Amino acid sequence: MIRGLRSKQIWINDRWQSADLLFDEHGLIEAIKDYKSAEIDLIDHGALSVIPGLVDTHVHFNEPGREDWEGVSSGTAAAAAGGITTVVDMPLNSSPVTTTPETVGAKIAAVESKLSIDFAMHGGLVPENCDKMDALIQSGVLGIKAFLCPSGIDEFGHVGRKELEIAMPAIAASGLPLLVHAEVVHEVEVTSDPRNHGDYAATRPPSFERNAIEMMIELVEQTGCKVHIVHLADAGSIPALAAARGEGLPITVE
C-alpha cells in the first residue's frame, strides 16, 4: 500500500503547490502536509505534476458483445494512462444494450473483473421502455440516454415526443439527467457527389438539430427534467439554449 507521495507541482485549491500527500488504508487522501515535512517514506515525484483524476462521462466501450470495437480492458487502461480515473459508459453498442435492469446487471458481470479505473454507466431510453424508467433508474445508472434519430444500432431504437412525454416525468423525479442525441431527421435532397464536403454536409442540415433542440426546450419547460444535449454540431443552436438557461431551465450542452 502506497502511504503517500510528494511533488513540487500539486494542484491544490486552484493553484500549484509543493506538498506531501498522505493516504489512508483505503487509498484516500487523509492529510496534506508541507513539502518534505512528512515523517514517513513517500514516493517523490520531483517536479512532475500531480492533478485530480479526470472523469469522462461519455464513452462507448461496447462490452459485452462488440469487444472487437473496443472493450473495457483496453479502454479503461488507456483512460488511466491519460489521467482519467472514472468513466461513464453509454448504453448502446454493447450487446445487449443497457435498457433494462437485467441488461445493466449483465454488463456489470461482464466487465467488473477487467477494469483499471472506476466505471459507471448510463441507461438507455428506447420505445419499448419509455414507461419503465423507474426500474431502470433504480438499477444504479447515472443518467438516461436517448436518440431522436436512428442510432445506427438496431437494438437501440430512437424516440420521439410521444415517448419523451411518457419518460421525462419519471426521469425528472429521479433527479438524473436525460442525455439526448438531438437530431430530428427530415428528407433532404440527395447529394450529387457524397465525396464532396459541401454536398455531404448538406445531408445533415442545421435544421436537424435546431428542430430537435427546440422540442427539447419545450419538454424541459413542460416536465422540469434535466436535459443534456450531447456533442452539438450546430453553433446556431446555442442562442436558443443560452436563452433557455437564462430562464432557469435545467438544460446543458456539450
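First, a word on what this report is: a plain description of the structure on this page. Just so it is clear, the model here is predicted, and its values are computed rather than measured.

### Overview of the overall build of the protein
Point 1. Assigned secondary structure in the protein consists of seven helices and 13 strands.
Point 2. Projected onto the principal axes, the alpha-carbon positions of the protein cover approximately 70 × 40 × 40 Å.
Point 3. Residue pairs in contact within the protein that sit at least 24 positions apart in sequence constitute 64% of those at least 6 positions apart.
Point 4. When the accessible surface of the protein is totalled, it reaches about 13,500 Å², and 53% of it is carbon and sulfur.
Point 5. Computing the positive centroid from 18 side-chain charges and the negative centroid from 37, the protein places the two 5 Å apart.

### Digging into the pattern of salt bridges
Point 1. Evaluated as defined, the whole model comprises ten salt bridges.
Point 2. A salt bridge links Lys-114 to Glu-63, with the shortest nitrogen-to-oxygen separation between them at 2.5 Å. In this pair, Lys-114 is assigned in the loop between α2 (101-111) and β8 (118-121) and Glu-63 in the loop between β6 (54-59) and α1 (72-81), connecting sequence segments 51 residues apart.
Point 3. By relative accessible area, which is 33% here, Lys-114 ends up partly exposed.
Point 4. The residue Arg-161 makes a salt bridge to Glu-165 at a minimum N-O spacing of 3.6 Å.

### Considerations on the sheet that holds strand β13 (residues 251-253)
Point 1. Strand order in the open sheet formed by five strands is β9-β10-β11-β12-β13, and the pairing between neighbours is parallel. Only two strands of the sheet have a single partner each, and these edge strands are β9 (123-124) and β13.
Point 2. Pairing of β9 with strand β10 (residues 144-147), which is carried by two bridges, proceeds in the parallel orientation. When the bridges of β10 are listed, Gly-123 appears paired with Ile-144.
Point 3. With respect to the sheet, helix α6 (residues 206-223) is in contact with β11 (178-181), β12 (227-229) and β13, its orientation differing from that of β12 by roughly 165°.

### Considering the sheet that holds β6
Adjacent strands of a sheet pair through backbone hydrogen bonds, lying either parallel or antiparallel.
Point 1. Ordered in space as β6-β7-β8, the three strands form an open sheet in which the pairing is parallel. A single partner strand is all that each edge strand has here, and the edge strands are β6 and β8. Between one strand and the next, the sheet's axes are offset by a mean angle of 20°, whatever the strand orientation.
Point 2. In this sheet, β8 lies alongside strand β7 (residues 84-89) in parallel orientation, the contact comprising four bridges. Note on β8: the bridge partner recorded for Asp-89 is Met-121.
Point 3. The sheet contacts of α2 involve β7 and β8, and relative to β8 the element is tilted by about 160°.

### Overview of a nonpolar patch on the surface
Point 1. Together, Trp-11, Trp-16 and Ile-51 give the surface a local cluster of nonpolar side chains, amounting to about 310 Å² of exposed area.
Point 2. Relative to the elements of secondary structure, Trp-11 occurs in strand β1 (residues 4-12).

Quick notes on the rules
Residues numbered from 1 in each chain as written. Predicted model: local features only at pLDDT ≥ 70, side-chain atom pairs only at ≥ 80, totals over all residues. Heavy atoms only, no water. Helix = DSSP H or I, 4+ residues; strand = E, 2+ residues; numbered from the N terminus. Contact = heavy atoms within 4.5 Å. Areas by Shrake-Rupley, 256 points an atom, 1.4 Å probe, with all protein chains shown as cover. Lys, Arg positive; Asp, Glu negative; His and termini not counted. Charge placed at Lys NZ, Arg CZ, Asp CG, Glu CD. Salt bridge = Lys/Arg side-chain N within 4 Å of Asp/Glu carboxyl O. Buried < 20%, exposed > 50% of the residue type's maximum accessible area, 1.4 Å probe, protein only. Pairing = 2+ DSSP bridges. Axes fitted to C-alpha atoms, helices over the stretch in contact; angles between N-to-C directions. Patch = residues over 30% accessible without salt bridge, like charges linked within 9 Å, V, L, I, M, F, W, Y side chains within 5 Å.

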